[in-house]
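# Structural characterization, general
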Amino acid sequence: MKKTIITMGLAATGLLALGGQAQASTLEDVRDAGQLRCGVSNGLPGFSQPDSDGNWAGLDVDTCRAVAAAVLGDADAVEFIPLTAAERFTALQSGEIDVLSRNTTWTTTRDASLGLNFTGTNYYDGQGFLVKEALGVDSAYDLDGAAVCTQAGTTTELNLADFFRANDMDYEAVVFDTSEGSAQGFDNNRCDILTSDTSQLAALRTQLSDPDSAVILPEVISKEPLGPVVRQGDDEWFNVVKWVLFGQINAEEYGVDSSNVEEMTDSNNPNVQRILGADGNMGEILGLDDDFMVEVISEVGNYGEMFNRNVGPDTPVGLSRGVNALWTDGGILYAPPFR
Amino acid sequence: MTTDPRPLRPGRPKPWNDPRVRSVVFQILAIAGVAWIGYSLFQNTVNNMESRGITTGFGFLNETAGFGIIMSLIPYDETMSYGRTFLVGLANTLLVSGLGILLATIVGFIVGIARLSSNWLVAKVALGYIEIFRNIPLLLQIFFWYFAVLGALPGPRQAVNVGDIAFMSNRGIVLPKPIFEPGAWVMGAGLLVALAITVVLAVWARRRQAATGRIFPVLPISLVLIPGLPLLGYLLMGGPVSWDIPALGGFNFRGGITAIPELGALLLALTLYTASFIAEIVRSGIVSVSSGQTEAALALGLPARRVLRLVVIPQALRVIIPPLTSQYLNLTKNSSLAVAIGYPDLVNVFMGTTLNQTGQAVEIVAITMAVYLTISLAISLLMNLYNRAVALKER
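Residues numbered from 1 in each chain as written. Chains lettered and ligands numbered in written order. Predicted model: local features only at pLDDT ≥ 70, side-chain atom pairs only at ≥ 80, totals over all residues. Heavy atoms only, no water.

### Concerning the packing of aromatic side chains
Residue and element names in this part refer to chain A. Definition in use: Stacked, edge-to-face and tilted are the three classes for Phe, Tyr and Trp ring pairs, Trp counted by its six-membered ring, which pair at centre distances within 6.5 Å; planes under 30 degrees apart are stacked, over 60 edge-to-face, the rest tilted. A helix here means a DSSP run of H or I that spans at least four residues, while a strand means a run of E at least two residues long, and both kinds are numbered starting from the N terminus. Each residue is assigned to one of three classes by its accessible area relative to the maximum for its type, calculated with a 1.4 Å probe on protein chains only: buried under 20%, partly exposed between the two thresholds, exposed over 50%.
If you walk through the whole model with that rule in mind, you get 23 aromatic pairs over all chains. A ring pair is formed by Phe 129 and Phe 163, whose centres lie 5.6 Å apart and whose planes are at 45°; its orientation type is tilted. Residue Phe 129 is found in strand 8 (residues 127-132), and its partner Phe 163 is found in helix 6 (residues 155-166); the two are separated by 34 residues along the sequence. Each member of the pair, Phe 129 as well as Phe 163, is classed as buried. Relative to Phe 246, the ring of Trp 243 lies with its centre 5.0 Å away and its plane at 85°, an arrangement referred to as edge-to-face. You can see Trp 243 and its partner Phe 246 sitting in helix 9 (residues 235-253), three residues apart, about one turn around the helix. Linked through ring pairs, Phe 129, Tyr 141, Phe 163, Phe 164 and Tyr 171 together constitute an aromatic cluster.

Next comes the structure, spelled out in structure tokens:
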């Protein structure tokens, strides 16, 4: 009998501990773990996809690696956690991941009511339509009555409904839980059109059995700023993730890349000196080492390198910089200054 | 060796030594412990969500959903609320589960009986069916029917054409849709009257057989009555039904009723998978009936089909019903695999899209769990009532 009472007491103490979970600092947690847990898409060429050896690559993956390089000094200290669109926010809210870098659109609802903070935009996108060339459709306004494959729980699904309603057209939404599922549905002719962000369409097109049989229609029906997301209520961590991306964009603007970063630490350009920690205490005020951007640039590269390596014109995805060019090159990429 | 010097005291022991008092106290403690765990989990969740700035509550159910759903049994469009998407998903789940249970029972009984057939070929074919479908994961079977079988159908423009009124393509089966005009109620009334007569007739025939031993042909009569009376109503009212015939327009067929391929694939997979288990349950039930019963019935001169229907199956049901209930529950819960092929069931529409658009994970998961629990308990209750009705009555 005594044994039972002791066991029950122990169980109760354990539960008390469980009930009183303290709000911890994500930056400290990541340092203690020695690893960044990063939520990524479960397979989208150019953004996040594992190769045959299980190594993840892509623009969103590089964004995770850049944060790991800044915080831990090692771009490979990342555990990639593949998530479906429907799982991603719950995984971040519940603390299963430290940062979500999964082609996620920044919207009011998500920013304000889900307990999340968007740290910036690593790809400015817009929603488009992919259609089989054989159907002979050349405008999104000729799609009345079409069956449309899309992914569950995305802004895409809502924009689709808005677009067809606004133009007084009917459609049939065939909704899959993964982007591959929707691409497969399109490939199998379950639907006439595949809709998603145009960058994703370009990526998914490479996975079709005959990529040349499908074309992306010219209309872009929405704005989709995609970027990394963190939990609300941890400003220190929010700042770290935000400024790693800003740092990469600034580095491109000032010509700092992975091949010249060592020499550039001796640069006499004050902007470069501040970015690379040769002058000022930018790292310290963020809770990092002052030369954290040296680590990021040498291991992952600046924004332009990251873009060209994963989704640029020379990759299978083959996207042009477009609006994602720096503001100095006529694009809209404009990061606040390191100062 | 010492003996206890204290004498045995008569009457009740001290409360802390009384096993009855102890058991009550510990049960109260256990319940209090469980309640406290539940409460602290709830509080912890609410506190954490508050501190992270996550909106809580059920207000989201009244907000505009804004997304399309491919199939709904109740009127739905994008301007309706998230509460409505819940009902659409629920209706679709109930539809596929209900049809699945009905079809799986029919197929399962046929295969289970065939498995015991004295015809070697029939028995082996049934065995092969059971072993194949029982041993392949359900999700693979769903993918197989969806992508390999239904996905291989031609597109709408090359659809399989049945007499220019029905079409089958990879967008589903399109059938003419009846449009009931004023006066069509007479047909409905005819159907109700025919059903009522059949029930009365069946009860009367059973009583008469019990009293006199004479058999009345209820089945043939009802087979004439049930289509006959509505048809009579149709003719009397001068044909108050017109048909909306589907026609190819633009991308797909317009008009008519469409059965989407997602429903077909899910239903096929659920039916064939569950039926293979039901077949084994039916077989074990029949085998459990002593062969003496069959021999006695045959000795009375009953034909083999009647032996099965009147002697063997009623006794086998006592063994069949309890495991059959859990197969029905499995089928209902397995229908949530719908999400893999995009059939808009409750999990896909509500726990997938709605959850993701609103972010109200805790509320939506709780509602969904409550729904599945309710459906499961309802099935259990009905099956237990039925089980009690067919159980061996000891007199």
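### Looking at the interface of chain A and chain B
By a widespread convention, an interface's size corresponds to the accessible area lost as its parts come together. The line we're drawing: Any two residues having at least one pair of non-hydrogen atoms within 4.5 Å are treated as being in contact. Two parts placed together each lose some accessible area under a 1.4 Å probe, and the buried area is that loss summed for both. We count a salt bridge whenever a side-chain nitrogen from Lys or Arg sits within 4 Å of a carboxyl oxygen from Asp or Glu. When residues are sorted by character, Ala, Val, Leu, Ile, Met, Phe, Trp, Tyr, Cys and Pro go into the nonpolar class, Asp, Glu, Lys and Arg into the charged class, and all the rest, Gly among them, into the polar class.
Taken together, the contact pairs 53 residues of chain A with 45 residues of chain B. Across the chain A to chain B interface the summed buried area is about 3900 Å²; carbon plus sulfur atoms make up 51%. On inspection of chain A and its partner chain B, the count reaches two salt bridges. With a closest N to O distance of 2.7 Å, Glu262(B) and Arg190(A) form a salt bridge. For the side of chain A that touches chain B, the secondary-structure elements that each account for two or more residues are helix 1 (2-19), helix 4 (88-93), helix 5 (108-113), strand 9 (146-151), helix 6 and strand 10 (171-176) of chain A. Of the residues contributing to the side of chain A that touches chain B, the split by class is 25 nonpolar, 17 polar and eleven charged.

### Here's the deal with the nonpolar core
Threshold: We define the nonpolar core as a collection of buried residues of types Ala, Val, Leu, Ile, Met, Phe, Trp, Tyr and Cys that are connected through side-chain atoms lying within 4.5 Å of one another.
Judged by nonpolar contacts, the single largest core of 148 residues is most densely connected at Leu36(A), Trp237(A) and Leu276(A). Counting residues per element, this core draws most heavily on helix 7 (residues 261-288) of chain B, at 14 residues. If sequence neighbours within four positions are ignored, Trp237(A) has contacts with Thr26(A), Leu27(A), Val30(A), Leu36(A), Val67(A), Val71(A), Asp98(A) and Val230(A). Phe129(A), Val131(A), Val148(A) and Tyr171(A) belong to the second-largest nonpolar core, a separate cluster that totals 19 residues.

### Considerations on the side chain of Asn310(A)
Residue and element names in this part refer to chain A. Heads up, the condition is: N or O atoms within 3.5 Å of each other form a polar contact, as long as, within protein, one can give a hydrogen and the other can take it, and as long as residues adjacent in sequence are counted only when both atoms are side-chain atoms.
Within the secondary structure layout, Asn 310 lies in helix 14 (residues 303-310). Engagement of the side chain of Asn 310 in a polar contact is seen with the side chain of Asp 62, the distance being 2.9 Å. Here Asn 310 is in contact with Gly 46, Ala 57, Gly 58, Leu 59, Asp 62, Thr 315 and Val 317, once residues within four sequence places are set aside.

### Some words on the UniProt feature "domain: Solute-binding protein family 3/N-terminal" (unreviewed entry) in chain A
Let me state the cut-off plainly: UniProt positions are given in the numbering used here, feature names are shortened, and annotations may be inferred rather than shown by experiment.
UniProt records the feature "domain: Solute-binding protein family 3/N-terminal" (unreviewed entry) for residues 35-279 of chain A in the present numbering. A helix fraction of 34% and a strand fraction of 23% characterise residues 35-279 of chain A, whose end C-alpha atoms lie 28 Å from each other.

### Points about a nonpolar patch on the surface
All names here are of chain B. Rules: Patch membership is restricted to residues that have no salt bridge and whose relative accessible area is over 30%. Joining uses 9 Å for like charges and 5 Å for the nonpolar side chains Val, Leu, Ile, Met, Phe, Trp and Tyr. Using a 1.4 Å probe, accessible areas were evaluated by the Shrake-Rupley method; residue-level cover was limited to the displayed protein chains.
On the surface, a cluster of nonpolar side chains totalling about 470 Å² of accessible area is made up of Val 160, Val 162, Met 168, Ile 173, Leu 175 and Ile 257. Those elements that place two or more of their residues in the nonpolar patch are strand 1 (160-162) and strand 3 (172-175). Structurally, Ile 257 can be placed in strand 8 (residues 257-259).

### What to know about the UniProt feature "domain: ABC transmembrane type-1" (unreviewed entry) in chain B
As annotated by UniProt and renumbered to match this structure, "domain: ABC transmembrane type-1" (unreviewed entry) occupies residues 90-383 of chain B. The distance from the first to the last C-alpha atom of residues 90-383 of chain B is 21 Å, and the span holds 70% helix and 10% strand.

### Here's the deal with helix 13 (residues 292-299) of chain A
Residues and elements named next belong to chain A. Listed as buried for helix 13 are Phe 292, Met 293, Val 294, Val 296 and Ile 297. Residues of helix 13 that are buried in the fold lie against helix 3 (59-72), helix 9, helix 10 (261-264), helix 11 (270-275) and helix 12 (282-286). Phi turns positive one or two residues past the end of helix 13, at Gly 301, with a value near 105°.

### What to know about unusual backbone geometry
The backbone phi angle of Asn189(A) is positive, close to 65°, even though this residue is not glycine. Mapped onto the fold, Asn189(A) is located in the loop between helix 7 (179-187) and strand 11 (193-197). Look at Asn189(A) and you get partly exposed, because its relative accessible area is 36%. For Asp164(B), which is not a glycine, the phi torsion comes out positive at approximately 65°. Along the chain, Asp164(B) turns up in the loop between strand 1 and strand 2 (166-169). The class for Asp164(B) is exposed, based on a relative accessible area of 53%.

### What to know about the state of the cysteines
All names here are of chain A. For the record, the criterion: By disulfide we mean two sulfur atoms from cysteines, separated by a distance within 2.5 Å.
By the definition in use, this model includes two disulfides over all chains. Covalently, Cys 149 is tied to Cys 191 through a disulfide, its sulfur atoms 1.8 Å apart. Linking Cys 149 and Cys 191, the disulfide has an S-S dihedral of approximately -100° and is accordingly described as left-handed. Of this pair, Cys 149 sits in strand 9 while Cys 191 sits in the loop between helix 7 and strand 11, placing them 42 residues apart in sequence. Judged by relative accessible area, Cys 191 falls into the buried class, the value being 1%. Sequence-ordered numbering of the bonded cysteines in chain A gives a disulfide pattern of 1-2, 3-4.

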